[in-house]
Amino acid sequence: MNCPKCGFDQLPEGARFCPNCGRSLERQTRVEIRQEVEQNLGRVIGVQTGAIHGDVYGGDIFEVQVYALSDTGRTASWRRFLAEGTPPYKFLASYSAQDRLLFKARDTEIKQVVRQVGEQRLVVVYGLAGVGKTSLLAAGVIPALIDSGALVVHIHDYHEPVKTIRAALAASAEQLPITLPDEPTFPVLVRAVVEATQGSLVLVFDQFERLLKPSVSDEQRGALIGGLAEAWQAVSPDFLRLIISIREDVLGQLGPWRAELPDLLQSPIQLTPLSRAQAQLAIEGPLTELDFPVSFVGGLVTEQLVPDLDELTPSLPGIQPPQLQIVCHWLYQEARERRPPHIDARLYNEAKGAAGIMARYLEDTLQSQPEPQRVLARQVLVTMASPGVGPWVPPEKLVVNGNGRSREKVLDVLEDLVEAELLVPRAVNSHREYAFASDGVAQEIRRLAGPELERRYQVEDELERVWSGWLAREALATRGQLRYLCEFGDHLAPRPVQALLLLRCAVARDEPAAPWLPWLRTDEARALIRQLEEPDASGLPKYASRSNLSYAASLLDLSTDQPPQKNAPFGPVAWSAASDPDPVTRQTAALALAAWDPYQAPTRLDWALRSAEKGWRRRSRRAELRGTLGDADPEIAKANEDLPLLDRFLTWWWRARRRIFRDRHRLAALTLGGAVGAGLGLGLLRAVIGGLARQLVGVQFAIYFYWAAILGAALSFGMALAEPLLLQPEEKGETSRLWRLPVSPDRLPALLAIGLGTLFFGFAHVLVAWLNGLSLTGKPLVAPMGFVAGLGLSLALVNQPRAGRNLGVVRWVGRLGTAAVIFALTQTVFILARNKGTGIAIARAGSSYRADFTRYTMPWWQALMERYPRWFDGLALLDAALVGIVLTLGITAGLVVAADWLARWRALVERAGD
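Procedures and definitions
- Residues numbered from 1 in each chain as written.
- Predicted model: local features only at pLDDT ≥ 70, side-chain atom pairs only at ≥ 80, totals over all residues.
- Heavy atoms only, no water.
- Helix = DSSP H or I, 4+ residues; strand = E, 2+ residues; numbered from the N terminus.
- Polar contact = N/O pair within 3.5 Å; in protein donor to acceptor, adjacent residues only side chain to side chain.
- Contact = heavy atoms within 4.5 Å.
- Pairing = 2+ DSSP bridges.
- Axes fitted to C-alpha atoms, helices over the stretch in contact; angles between N-to-C directions.
- Parallel < 35°, antiparallel > 145°, perpendicular 65-115°, else oblique.
- Left-handed = near helix turned anticlockwise from the far one by under 90°.
- Expected span 1.5 Å × (residues − 1).
- Buried < 20%, exposed > 50% of the residue type's maximum accessible area, 1.4 Å probe, protein only.
- Phe/Tyr/Trp six-rings, centres within 6.5 Å; stacked < 30°, edge-to-face > 60°.
- Lys NZ or Arg CZ within 6 Å of the ring centre and 35° of its normal.

Right, let's get into the side chain of Ser135. Note that Ser135 resides in helix α4 (residues 133-147). Reaching out from Ser135, the side chain makes a polar contact with the backbone nitrogen of Tyr95 at a distance of 3.2 Å. Residue contacts for Ser135: discarding those within four places in its chain leaves Ser94, Tyr95, Phe103 and Gly140.

The mixed open sheet is built from 7 strands, whose spatial order is β1-β2-β4-β5-β6-β3-β7. In this open sheet, the two strands that pair with only one neighbour each are β1 (56-59) and β7 (269-270). As defined by bridge partners, β1 adjoins strand β2 (residues 64-68) across 4 bridges and the pair is classed as antiparallel. Within the sheet, the bridge partner assigned to Gly58 lies in β2 and is Val66. Sheet strands in contact with α4 are β1, β2, β3 (122-127), β4 (151-155), β5 (201-205) and β6 (240-247), and its direction is about 165° off that of β6.

Here the focus is the environment of Ala420. Tracing the backbone shows Ala420 in the loop between α14 (407-419) and β10 (423-428). In sequence terms Ala420 and Thr365 are 55 residues apart; their C-alpha atoms lie 7.0 Å from each other.

Quick look at the packing of helix α27 (residues 664-692) against helix α28 (residues 697-720) now. Where α27 meets α28, the axes come as close as 6 Å, and the angle between the chain directions of the two elements is 150°. By the angle class used here, α27 and α28 are roughly antiparallel. In the packing of α27 onto α28, the handedness of the crossing is right-handed.

Here we take up unusual backbone geometry. Of note, the amide linkage connecting Arg339 to Pro340 takes the cis form, showing an omega dihedral of 0°. As for its position among the elements, Pro340 is in the loop between α10 (321-335) and β9 (342-343). A cis amide bond, omega 10°, links Gln800 with the succeeding residue Pro801. Looking at the secondary structure, you find Pro801 in the loop between α31 (782-797) and α32 (809-832). Phi angles above zero are rare outside glycine, and Asp510 is one such case at about 55°. Relative to the helices and strands, Asp510 resides in the loop between α18 (496-508) and α19 (523-533).

Looking now at helix α7 (residues 218-234). End to end, α7 covers 24 Å across 17 residues, agreeing with the expected 24 Å (1.5 Å per residue, within 8%). Residues of α7 that are buried include every one of Arg221, Leu224, Ile225, Gly227, Leu228, Ala229, Ala231 and Trp232, and no others. Structurally, α7 contributes buried residues whose contacts are with β3, α5 (161-171), α6 (186-197), β5 and β6.

Looking now at the pairing of β5. Extensive coverage of β5 is indicated by the burial of 5 of its 5 residues. By the bridge criterion, 5 bridges tie β4 to β5 in an arrangement that is parallel. Each bridged residue has a counterpart across the sheet, and for His154 the counterpart in β5 is Val204. As paired elements, β5 and β6 share 5 bridges and run parallel to each other. By the bridge assignment, Leu203 is partnered in β6 with Leu242.

This part is about the packing of aromatic side chains. Applying the stated criterion across every chain yields a total of 20 aromatic pairs. Summarising the aromatic geometry, the rings of Tyr484 and Phe488 are spaced 5.5 Å apart at their centres and angled 55° between planes, so their arrangement reads as tilted. In this pair, Tyr484 and Phe488 both sit in helix α17 (residues 479-488), 4 residues apart, roughly one turn of the helix. When sorted by exposure, Tyr484 lands in the same class as Phe488, which is buried. An aromatic cluster is built from Tyr158, Phe186, Phe205, Phe208 and Trp257, whose rings are joined through pairwise contacts. When the ring centre of Trp232 is taken as origin, the NZ or CZ atom of Arg121, which lies over that ring, is 4.4 Å away. One Lys or Arg, Arg664, reaches over the ring of Phe661 and ends 3.9 Å from the middle of that ring.

Here it is in structure tokens:
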């Protein structure tokens, strides 16, 4: 045998390529096969009549379907598959073979594909997403092939295709008896089918881009392509044909498989959007095919509907089938309730045309959800449409702790979306998975999501930028990058070493570590960390390459210092956590250890600390490591409560200091807001009263502004400290506590805020009293009554600024009344015990009012004062109540404004960082 190109005559027996010029030696064979098949252009070999005991028409529409017709089935009308009342338009679903009579306008494309199936062994159909490839094959090509006698297997899922094909064939065993091996390979399964039927088997691989997704492993991908190549060689061309449909943007990725499947890209067929003439057929044909009572009247279709559909996508030529189906389905549903059931210009214009229907159909569907589930439903749909998620999504993948997505809520929302025909379910090993009802639904979800989903697609590039930056110059991700990845990257599946880098970046930037730990709790990531911690352990699966082990060791600084003893009950990772001089490395190593095994991590760290440190340094280091783990893992936080009291206190104090530092901007803003609000409120009150008493208004305002600002700042700071001191988890959950208290966790933040507010106000009042020249020893009631007044304000301000201004009349009356009554009661105490003090530092005693208002010399005024000698005590009580009300209003306003400005500032900083 000579090479047909270069004439090389020393070809080895069975060679596939010429060693001299590299030309494939199978090309001549393929040409001969093609010529043989071309003797019957456009036809396939029908399966033996005796092999089919009835029509085979079923399977799982989302995994694998098997189609074949008996002699009787080939001559029967296709109307038998249409149920009574079947709507003429598919709305959000793809067409199936049962819809052959309703699938219009693609006759030319159907004939082209069927003819090419007869001419060559493999046909590729490609086009844009949503252009109708699945519908063309299911409702056009497959019915034509089974009408000619072929057996067609329509494949949608690529995780275990051989297993699902076998299951679909076994489910049709009554109509198509084939002896199937228990666990066949792909070529064995194909041969079994062909030998049993003695006819053409057409394998239709639909949405082939799913094979290229990360959810399909390299092993699964290689097994399918290898099995196809082997079956290609083992089965005669007459009896095996392949059809592949794939998105246009990934068509080029098929190139590497041309060696295994030589005809892969020989003559691909492009499916384009509908032309205007085709769109008219697709609109009017289904209504006339089965004499539906609804009809278009006038020239609506040609004059308005078709041109409007064409204008929906000005950047793309032609009309998109999903949009046609959505618009026509909506018009049909509206018209069928009318008498007469006509789709006319009035109905169309009331809906604001095709653009109006498209703009609101998905929003209307989501708005039909109950109010609490509406936002969650949108989040679920956007997450499912995100890159890398995969076609079938289990509910667990949509659950995000701390983001309002519990499993129960997600399941309820998913079932509601199934009922709304946006999603479809399937059962897999006793649990359900969900997918979009069609590519058209996914496409519209992406359009609805807009910039949010676009950011999800860009987040993969951001992850690669972070990784490349570290490789090139050991640069760590910025806070903006980390928050961007955290918010939009829940669909990512980074390599373990990349997840470890993100964890180190979070520790270095003082960002919460909890969001990054799930990526380090996969089997592969745990194996990587275990290989680092137990490098000499036997029987470990070697998931990580040498390069990844080297990267991880560098991130954890394992190359500098090793454990002092070889057989220690801890390894290099624990030793790095205990002894490394860099706190970022220590904390990252501790978190990595906890990601591998949260139960062993504390024990290993304690053993490493015993070898690395002594005395107080050991306790301090233990508090740091236990605090780091407690912040990231609620289970370890609970375990910390079993530590000895001193260690528990030190751990709590380390975590509290960290929270206070992280919360410093909020604390500063609220402190400043409370100070300004209290100062303005009391300063203005005293300015008004000073004007009535003929005093210097500016002096009164300045003095009382200064004193009230000190008190307002102290009170606001104390109440704001409650949240970081309680160690509220960064992910929502149970509050961690230093001591176990018999108080509901829901009430504890409010109670602590009230207590701290009272305490800080009381001590600040002592300072103001001293600045005011009051003798605390000579007036012993001044100091304790300051704490009582602080209690009144703290009760009135609890849960601010979250509660905001809009509390309602009843709540506002309750808060202001509480402050007024308690301030009045403090002044009552001073009135009853005059020798113990005249009032708190910012109050005006009755004697002050008497001295101020005796300046008025009008006779009636002097007579009034002589008749009611204790009138000034009443003014002092009224003054105290007004002070309580004014401080409550002023501090509330200051806190709310400060919180608003803080939110704006943070948003500005994050945008600048991005």
